[in-house]
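Summary of the model geometry
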Amino acid sequence: MSSSPAAWHRVDRDDSIEPFPAPGWPAMIRHVAIVGGGFSGALLAINLLRHDGPRATLIERRPAQLGRGVAYSAAHEEHLLNVRAGNMSALPDDPDHFVRWLTHNALGDRTTFVPRRVYGRYLREMLEQAVAAYPHRLTLIEDEVRAIVRAADGYEATFAGGGRLAADAMVLALGNLPPHTPPGIDPDALPPGCYRGDPWAGDIAEGLRDDDHVLLVGSGLTAVDAALLLDSSGFRGRIVALSRRGLTPRRHADTPPQPGLSERPAATLSALLRHVRQRSDMIGWRAAVDTLRPVTQLMWGAADATTRARFLRHLRPWWDVHRHRLAPAVADRIAALVAAGRLEVVAGKLVTARPDGSHASVAWRPRGETDTRCLRVARIVNCTGPQGDLLRSGEPLLRDLRARGMIRPDALRIGLEVDAQSRVVDANGRVAEQLYAIGPMTRGGLWEVVAVPDIRQQNWTLARRLANAQWVGGEGL
């Protein structure tokens, strides 16, 4: 094991968990296959080893993203984390793990907003340590899983390359789905290269001239990344970011620490708004929002389907820009682009995008108006952010699982349905005992499961359950 001060370590088993075979516990599990080797999947494999859990196989179809995922591998070097390093440890039982790693590598301290690529390096090194320390308990496979079927003693995965893999349990750690094509855009009808559906695939500034216009569909964190990437690539033309409300993420600021709430503050959305506004008057809006972090999942879990839908329809945009903030250096660069007239954020709806020579003519309707305006652009970049609607996904594995009735969308169609123990729910509402899902695709049940602090806790809990299921069954490693 590495002698680095940030080396991950084995943890003691948790004897406080109710022993097998209590209701809800999985059957004997000796081998876990994890589909998806980004942050969620790689961290689950690491935690299984740390808990002396089952043997693990980690499967990732894109080798460059192994251990990093899209968020930390495709980012430009100037893209920063939107959370200070002090809260970015991958291990919930070792909150200073990442800070020690940064200090050891002379890359920053707990107050630093580090580049996302640096965080990706940290995650990759953790995975490499795990493989080196336990080569017979962790296997890495670079391939794509196209199908998963129920087998006599668990599940069997079929790879795009033709191979198969059997395991007692399968965990879907698929990360975020790519953004859906916005209404009004037919990519095939536009000139080649005019529409970029994935802001992380390739160079979005390629072929642009300084007198060109670029339309970013969306104005959140993804649009911020795209604007920075265009600027860093040397593009000096005009950038327009279009979203329904024209909201942009707020900036981080130094605020005195406040204790998080220990119980849900309100039963209705209107009462929650009053609570946040009252607390904002006393401690500032940033602290008021941050104090909700410990109870956000409780509030979501207690809300009925109607309340959740109202939140997504009316409050989510405001929640997102206040909850997910920009590092000060990033906020300064965006403000400079706006001040220079190179970036404009507008509120409205995209109506149509039609070919216009080598460009696209975009008709959009400003918010609150009836008439449309026209904008001629050389490139349209989809910055609407990751989506989770299984019914619109083209991912072969998800389509196959849906066709077999092994998964179903959650009630709000923002991910797949799981129970409180991360077990997948099938098309008939039955819980699969040995098929799990973790990460952003489980947001329908937890909501706050897209940031590192939330994913690491979900990850830790599942690894602990799987490790104890093996241990109490009487089988050693």
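In this report, the structure presented in the accompanying data block is examined. Everything numeric here is computed off the predicted structure, so don't read it as measured data. (Residues numbered from 1 in each chain as written. Predicted model: local features only at pLDDT ≥ 70, side-chain atom pairs only at ≥ 80, totals over all residues. Heavy atoms only, no water.)

Moving on, we get to the pairing of strand 1 (residues 31–35). Counting buried positions over the 5 residues of strand 1 gives 5, a clear majority of the element. Residues His31, Ala33 and Val35 of strand 1 are buried on one face, and the alternating residues Val32 and Ile34, pointing to the opposite face, are buried as well. Sheet topology note: the strand 1/strand 2 (residues 55–60) ladder contains 5 bridges and is parallel. Counted as the bridge partner of His31 is Arg55 from strand 2. As paired strands, strand 1 and strand 7 (residues 169–172) are joined by 4 bridges and run parallel to one another. Paired with Ile34 across the strands is Val171, a residue of strand 7. (Buried < 20%, exposed > 50% of the residue type's maximum accessible area, 1.4 Å probe, protein only. Helix = DSSP H or I, 4+ residues; strand = E, 2+ residues; numbered from the N terminus. Pairing = 2+ DSSP bridges.)

Inspection of every chain in the model, using the stated rule, returns 31 salt bridges. Note that Arg62 is salt-bridged to Glu60, the shortest N-O span being 3.4 Å. Classification of Arg62 by relative accessible area gives partly exposed; the value is 35%. Of the charged contacts, one joins Asp454 and Arg293 as a salt bridge, the two residues approaching to 3.2 Å between their closest N and O atoms. In this pair, Asp454 sits in helix 13 (residues 452–471) while Arg293 sits in the loop between helix 7 (285–290) and helix 8 (296–302), placing the two residues 161 residues apart along the sequence. Through salt bridges with shared partners, one network takes in Arg61, Glu144, Arg146 and Glu395. (Salt bridge = Lys/Arg side-chain N within 4 Å of Asp/Glu carboxyl O.)

So, on to the side chain of Arg325. Positionally, Arg325 belongs in the loop between helix 9 (305–323) and helix 10 (328–339). At a separation of 3.2 Å, a polar atom in the side chain of Arg325 contacts the main-chain carbonyl oxygen of Arg286. A polar contact of 2.7 Å, which involves the side chain of Arg325, links it to the backbone oxygen of His322. Sequence-distant contacts of Arg325, defined by excluding residues within four places in its chain, comprise Asn82, Leu221, Arg250, Arg251, His252, Trp285, Arg286, Val289 and Asp290. (Polar contact = N/O pair within 3.5 Å; in protein donor to acceptor, adjacent residues only side chain to side chain. Contact = heavy atoms within 4.5 Å.)

Right, let's talk about the packing of aromatic side chains for a bit. Following the criterion strictly, the structure yields 10 aromatic pairs and no others. Between Phe98 and Tyr122, the ring centres sit 4.6 Å apart and the planes meet at 50°, which makes this aromatic pair tilted. Of the two residues, Phe98 sits in helix 3 (residues 97–104) while Tyr122 sits in helix 4 (residues 116–133), which places them 24 residues apart along the sequence. Tyr122 sits in the buried class, given a relative accessible area of 0%. In this structure an aromatic cluster arises from ring pairing among Phe39, Tyr72, Phe98, Trp101, Tyr119 and Tyr122. The ring of Tyr134 has Arg137 sitting right over it, with the charged end atom 5.1 Å from the ring centre. (Phe/Tyr/Trp six-rings, centres within 6.5 Å; stacked < 30°, edge-to-face > 60°. Lys NZ or Arg CZ within 6 Å of the ring centre and 35° of its normal.)

It is worth spelling out the sheet that holds strand 5 (residues 154–159) at this point. Strands sit in the order 4-5-6 across an open sheet of 3 strands; the sheet is antiparallel. Of all strands in the sheet, those bounded by a partner on one side alone are strand 4 (145–151) and strand 6 (164–167). The sheet shows a mean angle of 20° between the axes of neighbouring strands, direction not considered. (Axes fitted to C-alpha atoms, helices over the stretch in contact; angles between N-to-C directions.)

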